[in-house]
Amino acid sequence: RGNQLFELPVVRLLPQNEWGASKYDKNGSGDLSREATARCLECHNVWFKQTPGTISEYDRQDILLGVTCEKCHGPGRDHVAWHQEHPGAKGGKAIVHPGHLSRESLMGVCGQCHSNAAKYAAEPFTYTPGEPLEKYFKILDSPFPEDDHVANQDEYLRESKCFQHSEMTCITCHDPHHREEVA
């Protein structure tokens, strides 16, 4: 509606390969639309310029849709500029290589979307991979796993014996450059 963005009241249930209705109706009014907050958009996109003072109004001309390299490797402007000036150079410059980060910093890169980092401690879309996650987000601790919007994969991995008795991280098992198929 106008420049406001709303979620659709349906979800795609991948394991069942079908659509399902979202029953979210915060006011009981029958309006199943939900305003798309910056925090919602931040996990599914690289950038949305939010109109100050609004919950779900964005500048349609200032967005970067989808999860691209910048989500895990940081802003690419300096990287691109360096390689334009040095076209024959090998290897990345002016970009974060998550594999070179400490274990905790790498967990933060994945945790920006795969934890319960649901509240802001800084402005939306300002997290830079490699920075401490808690500098940008407040991690919600819920005693009810069913309330975890993203199943809080970060916390559950940390609770595993494999994690506690090794140096494993998310990328030990998951390759972020390849989409995993749901069986």
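Residues numbered from 1 in each chain as written. Predicted model: local features only at pLDDT ≥ 70, side-chain atom pairs only at ≥ 80, totals over all residues. Heavy atoms only, no water.

1. Some details on the overall build of the chain
Stage number 1. Each helix and strand in the chain was counted, giving 7 helices and 8 strands.
Stage number 2. When each of the 183 residues of the chain is scored for burial, the buried share is 26%.
Stage number 3. Pairs at least 24 apart in sequence give 44% of the contacts found in the chain among residues at least 6 apart. (Helix = DSSP H or I, 4+ residues; strand = E, 2+ residues; numbered from the N terminus. Buried < 20%, exposed > 50% of the residue type's maximum accessible area, 1.4 Å probe, protein only. Contact = heavy atoms within 4.5 Å.)

2. A word on the side chain of Ser56
Stage number 1. Mapped onto the elements, Ser56 comes out in the loop between β5 (47-50) and β6 (58-64).
Stage number 2. Since its relative accessible area comes to 0%, Ser56 is described here as buried.
Stage number 3. If sequence neighbours within four positions are ignored, Ser56 has contacts with Asn3, Gln4, Leu5, Glu35, Ala36 and Gln50.

3. Points about the pattern of salt bridges
Stage number 1. What the rule picks out here adds up to 4 salt bridges.
Stage number 2. For Arg39, the salt bridge is made with Glu42, and the minimal N-O distance between the two is 3.1 Å. Here Arg39 pairs with Glu42, and both are found in helix α1 (residues 38-44), just 3 residues apart, close to one helical turn.
Stage number 3. Of the charged contacts in the structure, one is a salt bridge between Lys135 and Glu131, with a shortest N-O distance of 3.1 Å.
Stage number 4. One network of salt bridges, with partners in common, ties together Glu104, Asp154 and Arg158. (Salt bridge = Lys/Arg side-chain N within 4 Å of Asp/Glu carboxyl O.)

4. Some words on the pairing of strand β3 (residues 18-21)
Stage number 1. By the bridge criterion, 4 bridges tie strand β2 (residues 10-13) to β3 in an arrangement that is antiparallel. Bridge pairing links Val10 to Ala21 in β3.
Stage number 2. Where β2 folds back onto β3 in an antiparallel hairpin, the turn is made up of 4 residues, including Asn17, whose phi is positive at roughly 55°. (Pairing = 2+ DSSP bridges.)

5. Regarding the side chain of Arg39
Stage number 1. Judged by its relative accessible area of 12%, Arg39 is buried.
Stage number 2. Among the polar contacts listed, one links the side chain of Arg39 to the backbone oxygen of Ala117, at a separation of 2.5 Å.
Stage number 3. Residue contacts for Arg39: discarding those within four places in its chain leaves Gln112, Cys113, Ala117, Ala118, Tyr120 and Phe137. (Polar contact = N/O pair within 3.5 Å; in protein donor to acceptor, adjacent residues only side chain to side chain.)

6. Considerations on helix α4 (residues 103-114)
It helps to recall that an α-helix has 3.6 residues per turn; residues three or four apart then point in one direction.
Stage number 1. Under the 1.5 Å per step criterion, the end-to-end length of α4 is 16 Å for 12 residues, consistent within 8% with the ideal 16 Å.
Stage number 2. α4 sits mainly inside the fold: 9 of its 12 residues count as buried.
Stage number 3. Taken together, the buried positions of α4 are occupied by Ser105, Leu106, Met107, Gly108, Val109, Cys110, Gly111, Gln112 and Cys113. (Expected span 1.5 Å × (residues − 1).)

7. As for the confidence of the model for the chain
Stage number 1. Mean pLDDT for the chain: 86, with 90% of residues reaching 70 or above.
Stage number 2. At the low end of the mean pLDDT range in the chain sits β2, at 78; at the high end sits helix α6 (residues 161-164), at 96. (pLDDT = per-residue confidence, 0-100.)

8. Section: unusual backbone geometry
Trans is the common state for peptide bonds, and a negative phi is the common state for residues other than glycine.
Stage number 1. With a phi angle near 55°, Asn17 is a residue other than glycine that sits in the positive phi range.
Stage number 2. Positionally, Asn17 belongs in the loop between β2 and β3.
Stage number 3. Note on Asn17: relative accessible area 58%, which makes it exposed.

9. Some points on the packing of aromatic side chains
Stage number 1. Enumeration over the complete set of coordinates arrives at 5 aromatic pairs.
Stage number 2. The interplanar angle of 70° and the centroid separation of 5.5 Å between the aromatic rings of Trp47 and Phe125 together place this pair among those described as edge-to-face. Of this pair, Trp47 sits in strand β5 while Phe125 is found in the loop between β7 (117-120) and β8 (137-139), placing the two residues 78 residues apart along the sequence.
Stage number 3. Judged by relative accessible area, which is 13%, Phe125 ranks as buried.
Stage number 4. Ring geometry for Phe48 and Tyr58: centres 5.4 Å apart, planes at 80°, overall edge-to-face. Here Phe48 is found in strand β5, whereas its partner Tyr58 is found in strand β6, with 10 residues between them in sequence. When sorted by exposure, Phe48 lands in the same class as Tyr58, which is buried.
Stage number 5. Linked through ring pairs, Tyr120, Tyr127, Tyr136 and Phe137 together constitute an aromatic cluster.
Stage number 6. The cationic tip of Arg1 hangs over the ring face of Phe6; the distance from NZ or CZ to the ring centre is 4.2 Å.
Stage number 7. Geometry around Phe163 places Arg103 over its ring, the cationic atom sitting 3.6 Å from the centre. (Phe/Tyr/Trp six-rings, centres within 6.5 Å; stacked < 30°, edge-to-face > 60°. Lys NZ or Arg CZ within 6 Å of the ring centre and 35° of its normal.)

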